[in-house]
Amino acid sequence: MQCMKEPGKRYDAPMRNAAGRLGIRILAVTMACVPAGPACTSESDRDVYRLVANAVVGLTCKTDKGSFMGTGAFIHADGYILTTTGVLPEGAREVQVFHPDLGRLEARLVGADPGMELSLAKVPVRAEGPGYPSLPLADSDGVRVGETAYTIGNTQNSILLYGRPALSPGIVSAWLDLDAGQNALATFRGRMIETTAALNPGVDGGPLLDGAGNVIGLLSFNYAPMRRLGTAVPTNAVRETIRGWIAKDGGNAGTMPAARPSGDAPSFAEALAAAGPSILALEVTRTASDAPTPRPARQDPHAPLIERPEGVVTGLAVSRTEILTTEWNVHGNVESIAVLLPGGRRIAAEIVGWNQPQDIALLRVAEPLLRPATFADGTPRVGTRVALPGRSPHPDRLTVTTGIVSATRRRTRDQHMQIDAPVNYGNAGGPVLDGQGKVLGLVNQVRARSRQSQNSGVGFCLRADVAVEALEWLRGGAKVGAARRPFLGVTMAEPQPSPGEGAAVGDVIPQGGAEKVGLARGDVILEVDGEKIGAWQDLVEIVQRKEIGENIHVVWLRGGERMEGQATLTERPDE
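Below is a short write-up of the structure. (Residues numbered from 1 in each chain as written. Predicted model: local features only at pLDDT ≥ 70, side-chain atom pairs only at ≥ 80, totals over all residues. Heavy atoms only, no water.)

Examining the nonpolar core
In terms of nonpolar packing, the biggest core is built from 35 residues, with Ile 75, Leu 82, Leu 135 and Ile 242 touching the most fellow members. Of all the elements in the fold, those that place two or more residues in this core are helix H2 (43-52), strand S4 (80-83), strand S7 (118-122), strand S8 (148-153), strand S9 (166-178), strand S12 (215-220) and helix H4 (235-248). Ile 242 has contacts with Ile 75, Leu 82, Leu 118, Leu 120, Leu 137 and Met 256, leaving out every residue within four places of it along the chain. With 33 residues, the next largest nonpolar core counts Leu 282, Ala 317, Val 339 and Ile 347 among its residues. (Core = buried A, V, L, I, M, F, W, Y, C linked by side-chain atoms within 4.5 Å. Buried < 20%, exposed > 50% of the residue type's maximum accessible area, 1.4 Å probe, protein only. Helix = DSSP H or I, 4+ residues; strand = E, 2+ residues; numbered from the N terminus. Contact = heavy atoms within 4.5 Å.)

Comments concerning the packing of aromatic side chains
Ring pairs (aromatic) are described by centroid distance and by the angle formed between their planes. Under the definition given, this model contains 2 aromatic pairs. The interplanar angle of 15° and the centroid separation of 4.6 Å between the aromatic rings of Phe 74 and Tyr 132 together place this pair among those described as stacked. With Phe 74 in strand S3 (residues 66-74) and Tyr 132 in the loop between S7 and S8, this pair connects stretches of sequence that are 58 residues apart. Just as Phe 74 is buried, Tyr 132 falls in that class too. With 5.9 Å between their ring centres and 50° between their planes, Trp 328 and Tyr 425 make a pair best called tilted. (Phe/Tyr/Trp six-rings, centres within 6.5 Å; stacked < 30°, edge-to-face > 60°.)

A short note on the sheet that holds strand S11 (residues 207-209)
Around the barrel, 6 strands lie side by side as S8-S9-S10-S13-S12-S11; this closed barrel has antiparallel pairing. Averaged over neighbouring strand pairs, the angle between their axes works out to 45° when direction is ignored. For S8 and S9, the ladder comprises 6 bridges, and the chain directions are antiparallel. Bridge assignment links Gly 153 to a residue of S9, and that residue is Ala 166. Contacting S12 and strand S13 (230-234), H4 crosses the sheet at an angle of about 40° to S13. (Pairing = 2+ DSSP bridges. Axes fitted to C-alpha atoms, helices over the stretch in contact; angles between N-to-C directions.)

Focus: the pairing of strand S5 (residues 93-99)
Most of S5 sits inside the fold, with 5 of its 7 residues counted as buried. Note: strand S2 (residues 56-63) against S5, 4 bridges, orientation antiparallel. Note on S5: the bridge partner recorded for Gly 58 is Phe 98. Pairing analysis gives 5 bridges linking S5 to strand S6 (residues 103-113), with the strands arranged antiparallel.

Here we look at the pattern of salt bridges
When the charged atoms of two side chains with opposite charge come close together, those side chains can pair. Applying the stated criterion to the full structure yields 21 salt bridges. For Arg 463, the salt bridge identified is with Asp 465, shortest N-O distance 3.1 Å. The buried category is assigned to Arg 463, whose relative accessible area is 5%. Classification of Asp 465 by relative accessible area gives partly exposed; the value is 41%. Between Lys 532 and Glu 527 there is a salt bridge, and its shortest N-O distance comes to 3.7 Å. The class for Lys 532 is exposed, based on a relative accessible area of 67%. (Salt bridge = Lys/Arg side-chain N within 4 Å of Asp/Glu carboxyl O.)

Focus on the pairing of strand S29 (residues 503-508)
Burial analysis of S29 places 6 of its 6 residues in the buried class, which makes it a mostly covered element. With 2 bridges connecting them, strand S28 (residues 490-492) and S29 associate as antiparallel partners. Each bridged residue has a counterpart across the sheet, and for Val 490 the counterpart in S29 is Val 508. Pairing analysis gives 2 bridges linking S29 to strand S30 (residues 524-528), with the strands arranged antiparallel. By the bridge assignment, Ala 504 is partnered in S30 with Val 524.

Topic: a nonpolar patch on the surface
A surface patch of nonpolar side chains, amounting to about 340 Å² of accessible area, comprises Leu 160, Leu 161 and Tyr 162. Take Leu 160: it is sitting in helix H3 (residues 158-162). Note on Leu 160: relative accessible area 39%, which makes it partly exposed. (Patch = residues over 30% accessible without salt bridge, like charges linked within 9 Å, V, L, I, M, F, W, Y side chains within 5 Å. Areas by Shrake-Rupley, 256 points an atom, 1.4 Å probe, with all protein chains shown as cover.)

A short note on the environment of Pro 100
In this structure, Pro 100 sits in the loop between S5 and S6. Filtering out sequence-adjacent residues up to four positions away, Pro 100 remains in contact with Ala 53, Asn 54, Val 56, Ile 159, Gly 163 and Pro 165.

Some points on unusual backbone geometry
For the peptide bond that leads from Ser 392 to Pro 393, omega is 10°, which places it in the cis range. You can see Pro 393 is positioned in the loop between strand S20 (385-390) and strand S21 (399-410). The omega torsion of the bond from Glu 494 to Pro 495 falls at 0°, within 30 degrees of zero and hence cis. By the secondary structure assignment, Pro 495 is in the loop between S28 and S29. Even without glycine at this site, Glu 117 takes up a positive phi of about 60°. The residue Glu 117 is located in the loop between S6 and S7 in this model. With a relative accessible area of 2%, Glu 117 lands in the buried category. Backbone geometry places Arg 228, a non-glycine residue, at a positive phi of 55°. Relative to the helices and strands, Arg 228 is located in the loop between S12 and S13. By relative accessible area, Arg 228 is classed as buried at 10%.

Looking at the environment of Glu 547
Following the sequence through the fold, Glu 547 ends up in the loop between helix H9 (536-544) and strand S32 (551-558). Setting aside residues no more than four positions away along its own chain, Glu 547 makes contact with Pro 486 and Leu 569.

Here it is, written out as structure tokens:
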């Protein structure tokens, strides 16, 4: 991971360089937790941490192109450390190793292969004791989607600053075939393991672990654009190269630790098997002139992460000839839609009806070849564990993320559920499943330029009971456009003031009422039409009671100066 310094900016630690360089490429926004803290509550998580933490190290080095840092792991008692070329590139020198117990160690680079994204370093053999604690390499070919997975590493320089690595639990969410061009920082091209466990600057180059603490992959900043989750180079792709390097260096690869039995059964394996045939890949072709245009005023450094790329999307068979998906998946000037079946078969589909506020659309195919999904009865409880499968980016295999139901009545007239599972363009339009494979809802409300973008931890789905009711009038060809809503022309700043102190302004949209009245980023809105604004939600609720074109009196604070003016509300743009 290269550290690019900015002129005139002070860098107190290597991690600050990396965070600035890769801040827009954090793939899983759930932060990895330091295991002694309250976020790690599972006893099995603690067991894995105790088993592996002492074999994980922080790494830094220098090259002619700059400084690099990240994570590595001992894989041999004689001091061989496994990492990636994103952490220790070819030509790395002044390699420093930071161990939770042993402190700072000097190391040398044994081998580096950018094509495999693989590097191996070595510290001197310990003069006393049994050698370095090491992690075994597991057979990555046996890894199944839905199994437990962990990332662990030097998040926020945690090994150097706190003497311990940070652990993040998740699952193996997919096997992905990634080609060149997905991410310039990643150099491995081929089948990779995707995970929902957190991957962030500092953890790069560290191990992806299975439920028994075996290494199943090397963490890489590659990703599928439709999904934007972390990936790892499988151990089987690099195992023989590692053994060859150790042997050439005079070491004994035969004494590397043997993998431990994982004994981990995927909790949603049966559910995915039951629902899999009803989860479909959809290829949507639009006219070339129908590419989405972002709001011109949104100067967002995260824009590459939230613009939806072209690619296969997901749908759900609800009868032998009918498919539900999101309205946004089929929005715009659509030329054709095809269902992509295993074996390369394609079936043409047509749009029957849609509802933009609910974000749902019904498609129909002429051939009765689909196995319909089974819908659950009633509304699940908050805390119910759920799986979100999809068919993107590879139509012939399932992907999945998992989480819980965090609220049952949200958004459009309380018709949606909120879920904390990673939600992205790849699984939007697919189902939310319970442990029996029954459908609890339809994943939707994923929008480019929305505040809750991909995998943010805040996702939504249309509840199953609402979707079933909507089917009746969608079959009749109902087409419901987006509701027109008033808009002041500002976005929410982060962080917001303390409760009771107003609503802070983020972006100001050009040609909107806020810009014309003189509001600017950083202003704090105190009143609208005489009503006090204690928090951002107060501002939203007051504006929503108004009409498009209505004038409102706004009072705001700028640098201690109280200002006011008349603003005209415009129509809220589509998110």
